[in-house]
Amino acid sequence: MIKAILIFNNHGKPRMSKFYEHYTEDTEQQIIRETFHLVSKRDENVCNFLEGGLLIGGSENKLIYRHYATLYFVFCVDSSESELGILDLIQVFVETLDKCFENVCELDLIFHLDKVHNILAEMVMGGMVLETNMSEIITQVEAQGKMEKSEAGIAGAPARAVSAVKNMNLPEMPKNINIGDISIKVPNLPSFK
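Residues numbered from 1 in each chain as written. Predicted model: local features only at pLDDT ≥ 70, side-chain atom pairs only at ≥ 80, totals over all residues. Heavy atoms only, no water.

Trainee: Requested: an account of the layout of surface pockets, with residues and values cited.
Mentor: By volume, the largest pocket is sized at about 340 Å³. Lys115, Val141, Glu142, Gly145 and Lys146 are, among the 14 residues lining the largest pocket, the residues nearest its centre. Where the lining of the largest pocket is concerned, the elements lending two or more residues are α2 (83-101), α4 (113-123) and α5 (134-150). Here the element with the most residues in the lining of the largest pocket is α5; it accounts for eight residues. Partitioning the lining of the largest pocket into residue classes produces three nonpolar, three polar and eight charged. (1 Å grid on protein atoms, 1.4 Å probe; cavity = no way out; pocket = protein on both sides within 12 Å on 5 of 7 lines; lining within 4 Å. Points joined across faces, edges and corners; volume = space filled by probe spheres on them. Helix = DSSP H or I, 4+ residues; strand = E, 2+ residues; numbered from the N terminus. Nonpolar A, V, L, I, M, F, W, Y, C, P; charged D, E, K, R; others polar.)

Written out as structure tokens, the structure reads:
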């Protein structure tokens, strides 16, 4: 099972973190710092997995990582996960990010963190791998993006609500609104039209 997915830059600044087990915020920050120190001091020519740090479970867990340009992609997993399978998952994740952002860079992770989390959610949920087919992941992320654009996002919701009320064509403004046992008195308001 995947315990956490961390992305940080060469200076140890976290750019994304997703924990699949509950930790306090302080413990999460300590895990990120400890993981950075364990991974960043390793040579480029050594293998890409090592025992987990003390905070993430010690020898029972593994840190599997890849270093791309200025970013470290680290998956903290338990002993049931295949190291090579997770390395492949990291590769799929990075290639998917690269296709979605057209040459992904650190700034994409900073300014589009919600999209990065959406991509990750298509791949991993609850610490279990859901999807590794890049085409399917991209299709789902694009469909979600289209849906968000068609709904104008959450920011457009109040305007749509006012528009819906204006278009109700009520002959007169209601004095009371009754919902089950609840009765709400409507104050005198100017006409919507």
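Trainee: Pulling in residues and values, what's your account of the packing of aromatic side chains?
Mentor: Summed over all chains, the structure comprises six aromatic pairs. Measuring from centroid to centroid gives 5.4 Å for phenylalanine 8 and phenylalanine 36, while their planes differ by 85°, and the two rings are edge-to-face. Here the residue phenylalanine 8 occupies a position in strand β1 (residues 2-9), and phenylalanine 36 occupies one in helix α1 (residues 25-40), the gap between them amounting to 28 residues. Like phenylalanine 36, phenylalanine 8 is buried. Seen from their ring centres, phenylalanine 73 and phenylalanine 93 are 6.0 Å apart, and the 85° between their planes marks the pair as edge-to-face. Separated by 20 residues along the polypeptide, phenylalanine 73 in strand β5 (residues 71-78) and phenylalanine 93 in helix α2 bring together distant segments of the chain. Residue phenylalanine 73 is classed as buried on the basis of its relative accessible area of 3%. Taking relative accessible area as the criterion, phenylalanine 93 reaches 0% and is therefore assigned buried. Through pairs of rings, three or more aromatic residues link up here, namely Phe8, Phe36 and Tyr72. Positioned above the aromatic ring of phenylalanine 101, the side-chain terminus of lysine 115 is 5.3 Å from the ring centre. (Phe/Tyr/Trp six-rings, centres within 6.5 Å; stacked < 30°, edge-to-face > 60°. Buried < 20%, exposed > 50% of the residue type's maximum accessible area, 1.4 Å probe, protein only. Lys NZ or Arg CZ within 6 Å of the ring centre and 35° of its normal.)

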